[in-house]
Amino acid sequence: MTAPVVIVGTGLAGYNLAREFRKLDGETPLLLITADDGRSYSKPMLSTGFAKNKDADGLGMAEPGAMAEQLKAEVRTHTRISGIDPGHKRLWIGEEQVPYRDLILAWGAQTVQVPIEGDAGEAVFPINDLEDYARFRAAAAGKQRVLILGAGLIGCEFANDMSLGGFEVELVAPCEQVMPTLLHPAAAAAVQAGLEGLGVRFHLGPVLTRLQRAAKGLEAHLSDGTLIPCDLVVSAIGLRPRIDLAAAAGLQVNRGVVVDRHLRTSHGNIYALGDCAEVDGLNLLYVMPLMSCARALAQTLAGNPTAVAYGPMPVTVKTPACPLVVSPPPPGREGEWQVEGQGLDLKVLCRDADGNLLGYALTGAAVMEKLALNRQLPALMA
Ligand SMILES: Cc1cc2nc3c(=O)[nH]c(=O)nc-3n(C[C@H](O)[C@H](O)[C@H](O)COP(=O)(O)OP(=O)(O)OC[C@H]3O[C@@H](n4cnc5c(N)ncnc54)[C@H](O)[C@@H]3O)c2cc1C
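The following refers to the structure shown.

What counts and how
Residues numbered from 1 in each chain as written. Predicted model: local features only at pLDDT ≥ 70, side-chain atom pairs only at ≥ 80, totals over all residues. Heavy atoms only, no water. Helix = DSSP H or I, 4+ residues; strand = E, 2+ residues; numbered from the N terminus. Rg over C-alpha atoms; globule rule 2.2 N^0.38 Å. Buried < 20%, exposed > 50% of the residue type's maximum accessible area, 1.4 Å probe, protein only. Contact = heavy atoms within 4.5 Å. Areas by Shrake-Rupley, 256 points an atom, 1.4 Å probe, with all protein chains shown as cover. Expected span 1.5 Å × (residues − 1). Salt bridge = Lys/Arg side-chain N within 4 Å of Asp/Glu carboxyl O. Pairing = 2+ DSSP bridges. Axes fitted to C-alpha atoms, helices over the stretch in contact; angles between N-to-C directions. Core = buried A, V, L, I, M, F, W, Y, C linked by side-chain atoms within 4.5 Å. Near = heavy atom within 4 Å. Polar contact = N/O pair within 3.5 Å; in protein donor to acceptor, adjacent residues only side chain to side chain.

### Regarding the overall build of the protein chain
What the protein chain contains, in helices and strands, is nine helices and 25 strands. Its C-alpha radius of gyration of 22 Å places the protein chain within 12% of the 21 Å reference for a compact globule of 382 residues. Projected onto its principal axes, the C-alpha positions of the protein chain cover 65 × 60 × 35 Å. Counting the 382 residues in the protein chain, one finds 52% classified as buried. Long-range pairs, those at least 24 residues apart, make up 61% of the contacts in the protein chain between residues at least 6 apart in sequence. Approximately 16800 Å² of the protein chain is accessible, and the part contributed by carbon and sulfur atoms is 51%.

This is the structure we're talking about:
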């Protein structure tokens, strides 16, 4: 019997690759293995669930049985890969061995967690998948005050969404502005002002040092001495690509699992895409790049080796209090920033010495200009 193509992970990367592959090859046995319940869902919707009044079940789009039928595949749920043996083309699930023809790692990134002093650690919720979200929704029922850790894209999106959901939101992060790795300070100030307009209170600079139970709810102690009463804490302090099992199997890893433009790891029959993959030096934790990778890799797996290319990859951030679209300059390209506009409506452009557009951040009404500007942006990976 032919060994199957095995995909580890049923997030957007795993399921989209399976879909693209089935468009080209309806016969090769296909096995998807996932540590979670295997429901198909769109992860970006996790940060609009309160505004849209959707709980975890409302966000689920298809059960694993329906996905298996649709993809003509086997889907094994609640099954965690524990090792890979590239020399014998098999992987391990505990003591069980599973052979593969080709193995695709689509196992995502995990939330960064830091130990927090105090007796209320179980009131801290990372939200990085549907099951996390279900746990948070259950704990949040009847609660009023949420403290968010982290001012990155995801922390800001949750702040907006939970405010719209009726929570009192405070946000703490050890940085001077929101989305420091993504945004020019002027655009960051506009987004912060928009969120403050909704009632979000920011504590930028300090960190949470201690979380403890109080007579009513919790007390969060910050490093600058501030004490914030709250009921729940959402941790959005970052994501780290899963690389440990790949490294243990001798595959090359860096920030993510290292792959070339054919999504091939340092071992011939093993590929990676999605949040866990570092593609030709780029580890982009967004949907657009993984869709491009899924299309290219499906071709390769179907016998037509295809390299992936990335065009411009602007990111729409779901902060309706101050709409934001951002396209940072490609890595290694330097330019001058210019800020136009006022209030929440800013056009912040980065141009090189010849006047070519390298990147932008558009806020408020200026997001309307994104299509025209996208046409001028350089490809991220031509
Ligand atoms: C709240 C939030 C909002 C976002 N909003 C946007 C947005 O608006 N736009 C955008 O472009 N991007 C957004 N993103 C990012 C985007 O959702 C991700 O880049 C994308 O969903 C990653 O998909 P993935 O399949 O690589 O990983 P995941 O969805 O994390 O899937 C990983 C899979 O691997 C499985 N797995 C892990 N380890 C094992 C193991 N050892 N054995 C078996 N299975 C395993 C997991 O169970 C899971 O099925 C957002 C992310 C979050 C958290």
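### Quick word on helix 1 (residues 12-24)
Over its 13 residues, helix 1 runs 19 Å from end to end, which matches the ideal 18 Å to within 8%, given 1.5 Å per residue. Of all the residues in helix 1, the buried ones are A13, G14, Y15, N16, L17, A18, E20, F21 and R22. Elements that come into contact with the buried residues of helix 1 comprise strand 1 (5-8), strand 2 (30-33), helix 3 (64-71), strand 3 (74-76), strand 7 (102-105) and helix 8 (287-301).

### A look at the pattern of salt bridges
Enumeration over the complete set of coordinates arrives at 17 salt bridges. Note that K23 and E20 form a salt bridge whose closest N and O atoms lie 3.1 Å from each other. Within this pair, K23 and its partner E20 are both found in helix 1, separated by three residues, close to a single helical turn. R22 is the partner of D25 in a salt bridge, and the nearest nitrogen-oxygen pair spans 4.0 Å. Residues D25 and R22 agree in their burial class; the two are buried. Taken together, the salt bridges that share partners define one network made up of D37, R39 and D57.

### Looking at helix 5 (residues 153-164)
Helical geometry: 3.6 residues make up each α-helical turn, so side chains three or four residues apart lie on a common side. Its twelve residues place the ends of helix 5 17 Å apart at the C-alpha level, agreeing with the 16 Å of an ideal helix rising 1.5 Å per residue. The element helix 5 is largely enclosed, with a buried count of ten among its twelve residues. For helix 5, the complete set of buried residues consists of L153, G155, C156, E157, F158, A159, N160, D161, M162 and S163. On its buried face, helix 5 is in contact with helix 4 (130-140), strand 10 (145-149), strand 11 (168-173), helix 6 (185-198), strand 16 (232-235) and strand 21 (315-317). Backbone geometry just downstream of helix 5 places G166 in the positive-phi region, at approximately 95 degrees.

### Looking at the pairing of strand 11
Counting buried positions along strand 11 gives five out of six residues, so the element sits mostly inside the fold. As paired strands, strand 10 and strand 11 are joined by five bridges and run parallel to one another. Bridge pairing in strand 11 places R145 opposite E168. Note that strand 11 and strand 12 (residues 201-204) share four bridges and pair parallel. When the sheet's bridge partners are listed, A173 is paired in strand 12 with L204.

### A short note on the sheet that holds strand 25 (residues 357-363)
An order of 21-22-25-24-23 is seen for the five strands of this open sheet, with the pairing classed as antiparallel. Bordering the open sheet on either side are strand 21 and strand 23 (336-342), each of which pairs with just one other strand. Each adjacent strand pair in this sheet contributes to an overall mean axis angle of 15 degrees, direction not counted. Bridging between strand 23 and strand 24 (residues 345-351) involves seven bridges; their strand directions are antiparallel. Bridge pairing in strand 24 places Q338 opposite L349.

### Regarding the nonpolar core
In this structure, L91 and L105 are the most contacted members of the largest nonpolar core, which totals 56 residues. Ranked by the residues each element gives to this core, the list is headed by helix 8, at seven residues. Aside from chain neighbours lying at most four places away, what touches L91 is V6, V8, I33, I81, G83, I84, E96, Q97, V98, Y100 and L103.

### Details of unusual backbone geometry
Of all residues except glycine, most have a negative phi; of all peptide bonds, most are trans. Backbone geometry at M179 places phi at a positive 45 degrees, although glycine is not the residue there. Relative to the assigned elements, M179 resides in the loop between strand 11 and helix 6. Despite not being glycine, D280 shows a phi value in the positive range, around 50 degrees. For D280, the location among the structural elements is in the loop between strand 20 (277-279) and helix 8. Given a relative accessible area of 42%, D280 falls into the partly exposed group.

### Remarks on the sheet that holds strand 4 (residues 83-85)
Taken together, three strands build an open sheet; the order of strands is 4-5-6 and the sheet is antiparallel. In the strand order of this sheet, the two ends are held by strand 4 and strand 6 (96-99), each with one partner. Each adjacent strand pair in this sheet contributes to an overall mean axis angle of 25 degrees, direction not counted. Judged from the four bridges that link them, strand 5 (residues 90-93) and strand 6 form a sheet pairing that is antiparallel. Across the sheet, W92 pairs through a bridge with Q97, a residue of strand 6.

### Observations concerning the site of the ligand
Neighbouring the ligand are 32 residues, the closest being T34, I81, D275, V287 and K318. Between the ligand and D36, the relevant distance is 3.1 Å, taken from an oxygen atom to a side-chain nitrogen or oxygen of the residue. For the ligand, whose free accessible area comes to 1000 Å², the fraction covered by protein is 92%. The set of elements that each furnish at least two residues to the shell around the ligand consists of helix 1, helix 5 and helix 8. In terms of residue count, the dominant contributor to the shell around the ligand is helix 5 (three residues).

In short, the description is geometric, and any link to function would need to be established separately.
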